[in-house]
Amino acid sequence: MKAIRHFITITHHKILVMQGCFRIGLYKQGLLHDMSKYSPTEFLVGCRYYKGYMSPNNAERADRGYSSAWLHHKGRNKHHYEYWIDYSIDKDHPGLVGMKIPKKYMAEMFVDRVSAGKIYNGDEFDQKSPLEYFEHGIGASIMCEASRDYLLNLLRMYAEKGEKYTFAYLKNDLKNDMSGYDKI
């Protein structure tokens, strides 16, 4: 039964992201979003740790101290900022750093966060939920500053002006410039 519910949850999420990506013109990304969740490495773990109200990755992390499914997922999906972490070549700032994320993946990341919030928060979801989730997470600490600021501005816009406005803005922004963040 957990396998069926997990399949329904990830498929519902995938459909929401696909619809959102289609709204902003990212058709290929919408179709291919999170396909790795159906691989045995991620799907079987997801079934085992399925809760329905939270990511199975967090449940696996609580049980094992890490999430094998997440480690697999983030390395294959460019819409996660963790995909873009690399070693710095700057001698004054050694260690792991966030790289600037291409705007089309930032857009997919935004749609993914909104869609995940709708899935896991259900009736509790409102347009401020994705911003609040981001503000309480650790993502801001290692993301490239330009990428973090772009995402934060989109989340604030969504919280203040709503989905219709933000998706229209994002569609126009992607159409005008697929590389920079200087438009927001």
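The rules we used
Residues numbered from 1 in each chain as written. Predicted model: local features only at pLDDT ≥ 70, side-chain atom pairs only at ≥ 80, totals over all residues. Heavy atoms only, no water. Salt bridge = Lys/Arg side-chain N within 4 Å of Asp/Glu carboxyl O. Helix = DSSP H or I, 4+ residues; strand = E, 2+ residues; numbered from the N terminus. Buried < 20%, exposed > 50% of the residue type's maximum accessible area, 1.4 Å probe, protein only. Axes fitted to C-alpha atoms, helices over the stretch in contact; angles between N-to-C directions. Parallel < 35°, antiparallel > 145°, perpendicular 65-115°, else oblique. Left-handed = near helix turned anticlockwise from the far one by under 90°. Contact = heavy atoms within 4.5 Å. Nonpolar A, V, L, I, M, F, W, Y, C, P; charged D, E, K, R; others polar. Patch = residues over 30% accessible without salt bridge, like charges linked within 9 Å, V, L, I, M, F, W, Y side chains within 5 Å. Areas by Shrake-Rupley, 256 points an atom, 1.4 Å probe, with all protein chains shown as cover. Lys, Arg positive; Asp, Glu negative; His and termini not counted. Charge placed at Lys NZ, Arg CZ, Asp CG, Glu CD. Phe/Tyr/Trp six-rings, centres within 6.5 Å; stacked < 30°, edge-to-face > 60°.

To continue, consider the pattern of salt bridges. Two side chains of opposite charge can pair, provided their charged atoms sit close to one another. Taken as a whole, this structure holds five salt bridges when the rule is applied. One salt bridge in this structure joins Arg 64 and Glu 60, with 2.9 Å as the shortest N-O distance. Separated by four residues within a single helix, Arg 64 and Glu 60 lie in helix H4 (residues 56–64), roughly one turn from each other. With a relative accessible area of 39%, Arg 64 lands in the partly exposed category. Take Glu 60: its relative accessible area is 0%, and that puts it in the buried class.

To continue, consider the packing of helix H1 (residues 2–23) against helix H6 (residues 103–121). It is at 9 Å that the axes of H1 and H6 come closest, and there the two elements cross at 140°. By the angle between their axes, H1 is oblique relative to H6. In the crossing of H1 with H6, the sense of the turn from one axis to the other is right-handed. Of the residues in H6, those in contact with Thr 9, His 12, His 13, Leu 16, Val 17, Gly 20 and Cys 21 of H1 are Glu 108, Val 111, Asp 112, Ser 115, Ala 116, Lys 118, Ile 119 and Tyr 120. Residue classes in the contact of H1 with H6 are distributed as seven nonpolar, five polar and three charged.

Right, let's talk about a positive patch on the surface for a bit. A surface patch of positive charge is lined by Lys 2, Arg 5, Arg 48 and Lys 51. Note on placement: Arg 5 falls in helix H1.

With that out of the way, let us pick up the packing of aromatic side chains. In this structure the tally under the stated criterion is six aromatic pairs. For the pair Trp 84 and Tyr 105, a centre-to-centre distance of 6.0 Å together with 40° between the ring planes defines the contact as tilted. Of the two residues, Trp 84 is situated in the loop between helix H5 (68–74) and strand E1 (85–87) and Tyr 105 in helix H6; the sequence distance between them amounts to 21 residues. What makes Trp 84 buried here is its relative accessible area of 17%. By relative accessible area, Tyr 105 is classed as buried at 14%.

Turning next to the environment of Met 18. Structurally, Met 18 is set in helix H1. Assessed through its relative accessible area of 22%, Met 18 is described here as partly exposed. A sequence separation of 22 residues divides Met 18 from Pro 40, and the C-alpha atoms of the two residues are 22 Å apart. With residues up to four places along the chain from it excluded, the contact list for Met 18 reads Gly 30 and Leu 31.

Everything listed here is a matter of geometry and, on its own, says nothing about what the molecule does.
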